[in-house]
Amino acid sequence: MDVPLSWQLAKLVVSIGIVLGLSIVAERVSTRVAGLLSGYPLGTAIALFFIGLEISPGFAAESAVFSLAGFTATMALGGGYLICGRRDGLVGVLAGTAGGLTAWWLTSLVLTRFEFDRLSGTLVTLVAIFGFTWLYRHLPETRVTMRHDSSRWKPLALRAGLATLIVFVVTGLAHVLPASWAGMLAAFPISMYPLLVILHLTHGAAPAATVIKHYPAGLGALLCYALCVSLTYATLGLLWGTLAGFAVATLWLLGWMRLQAWHGARQRGRHLT
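Presented here is a report on the structure given in the accompanying data block. (Residues numbered from 1 in each chain as written. Predicted model: local features only at pLDDT ≥ 70, side-chain atom pairs only at ≥ 80, totals over all residues. Heavy atoms only, no water.)

### Comments concerning the overall build of the protein chain
Of the regular secondary structure elements, the protein chain holds 11 helices and zero strands. Ordering the α and β elements of the protein chain from the N terminus gives α-α-α-α-α-α-α-α-α-α-α. In the protein chain, of all internal contacts separated by at least 6 residues, the share reaching a separation of at least 24 is 82%. Approximately 12600 Å² of the protein chain is accessible, and the part contributed by carbon and sulfur atoms is 70%. (Helix = DSSP H or I, 4+ residues; strand = E, 2+ residues; numbered from the N terminus. Contact = heavy atoms within 4.5 Å. Areas by Shrake-Rupley, 256 points an atom, 1.4 Å probe, with all protein chains shown as cover.)

### Looking at the pattern of salt bridges
Counting across every chain of the model gives one salt bridge. The salt bridge partner of E141 is K213, with a shortest N-O separation of 3.5 Å. A residue pair is termed long-range when its members are at least 10 positions apart, and E141 in the loop between α6 (118-135) and α7 (153-173) and K213 in helix α10 (residues 205-236) qualify at 72 residues. Residue classification places K213 among the buried positions, given a relative accessible area of 16%. (Salt bridge = Lys/Arg side-chain N within 4 Å of Asp/Glu carboxyl O. Buried < 20%, exposed > 50% of the residue type's maximum accessible area, 1.4 Å probe, protein only.)

### Some remarks on the side chain of T122
Here T122 is to be found in helix α6. What makes T122 buried here is its relative accessible area of 13%. In this structure the side chain of T122 is engaged in a polar contact, spanning 2.7 Å, whose partner is the backbone oxygen of R118. Ignoring anything within four residues of it in the chain, the contact list for T122 reads L68, L223 and L227. (Polar contact = N/O pair within 3.5 Å; in protein donor to acceptor, adjacent residues only side chain to side chain.)

Structure below.
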């Protein structure tokens, strides 16, 4: 079907806004919080919503089931980027991108050979979350220093276009691919990958590694979202299904951050005694 211009403009505005917002969080708050928010249903929500709008809510709901397992491929992308993108500057970004996309592609090829349901897709990603969290446990954390020069907005705005390009590619390919691959593409880190590029180019490889380290912990919100919309898109429709998904994801993320704060306070108390 022909996609109306208004829908294309909406994808453009929302995608750019998300990348710019995450970059501001990373600089003004912390790369740890930015990593957690990268796991919030931002890019995936955009992709699944517009897939449902342009094709059908039922197709988007079916794709969301495969997205549950597809988040494992997203974590593989982060791991590949981390291993290959250790150098600062453009060379590190290009090497990290090559390694990350290769890891994502190979993992996706394996996952699309299986018929996942909601339970099996969720279990695969939960195992991957614990595995990657354990692997990243000794990675050092780096906080970026806020820049006050106005020139930083130009490269930031240019790189925000990368997220828009990814959204258009994902939603465009969904018209010609089966639901399994549409779900894998919807799980692609639409908001996290441009954030990695921005941080890597402007602050070096260390802050990008910090985002990758905390990304698996934030994926619980994405799992909640994908589970919810896979159940509600076909019954409640896109609008109410999306709102329900965001509500469930927000509750999970707030609970997780509260648990993290409690754990951190307990650890500090142990060091004082």
